[in-house]
Amino acid sequence: LIVPPARQAFGACTGGWDFGSSWVGIDGWGSGDVLQAGVEFDAYCLIGITSQYYSAWYEWYPYGEVRISNLAIAPGDEYFVEVWHTSSTQGYAYLVNENTNQAVSIGFTAPSGTHLVGNSAEWITERPGVGGGLATLTNYIADPYWSSFAVTESSVVTDPSSASSYPITMLDNAGHPISYPTLLGPSAFVMHDEGSAW
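Definitions and cut-offs
Residues numbered from 1 in each chain as written. Predicted model: local features only at pLDDT ≥ 70, side-chain atom pairs only at ≥ 80, totals over all residues. Heavy atoms only, no water. Disulfide = S-S within 2.5 Å. Helix = DSSP H or I, 4+ residues; strand = E, 2+ residues; numbered from the N terminus. Buried < 20%, exposed > 50% of the residue type's maximum accessible area, 1.4 Å probe, protein only. Pairing = 2+ DSSP bridges.

1. Looking at the state of the cysteines
- A complete count under the given rule lists one disulfide for this structure.
- One disulfide in the model links Cys-13 with Cys-45; its S-S distance is 2.1 Å. The sign of the -95° torsion about the S-S bond sets the Cys-13-Cys-45 disulfide as left-handed. Taken together, the residues span a long stretch of sequence, with Cys-13 in the segment before strand 1 (17-18) and Cys-45 in strand 3 (residues 34-46) at a distance of 32 residues.
- Look at Cys-13 and you get partly exposed, because its relative accessible area is 36%.

Take a look at the structure:
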């Protein structure tokens, strides 16, 4: 994935932060956990003064996101992100900033009472949960994903173009579309924002 520039919707200056997150993960569709890693891109505006925040991170939901402070990140950087597991409670994330040739490999365990189900793989650009609710989505314009694929326990390879894949449009609090995927090829797609996020 490519780290998008973080900004608020065109013409908007809300006086607060908008949040965006792109990640890959295992579980989450029909399961109560997600083993995931990715990048965060947040935008702030108050009376015309703007600021941005970027970070790589990993998480095993329902634990919260853990930011990675020793991995460079900037808009336009191309990131390779991989997650896997060696047991139902031991997961790993490997993130590489292709622009700076820096990499981080992290091992982490599932939250108490949580275990990997292994029922789905996900490639997501979303508005994350912040402060007990869903955040306003950063205006990220477009976010391409290349060489996106998942390998099952029985070594079956699948990708976003497979018959078992489900493209999902994200909605805002009023039920209007704000983010959607467009397939570019067997293992490539691009996420776009629209509506109130644009």
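Now that the structure has been shown, the text picks up again.
2. Quick word on the pairing of strand 3
- Most of strand 3 is tucked away, with 11 of its 13 residues classed as buried.
- Of the pairings in the sheet, the one linking strand 2 (residues 21-26) to strand 3 comprises six bridges and is antiparallel in character. Residue Val-24 lies in a different strand from strand 3, and its bridge partner there is Ala-37.
- With 13 bridges connecting them, strand 3 and strand 4 (residues 49-61) associate as antiparallel partners. Its bridge partner being in strand 4, Gln-36 is matched across the sheet by Glu-59.

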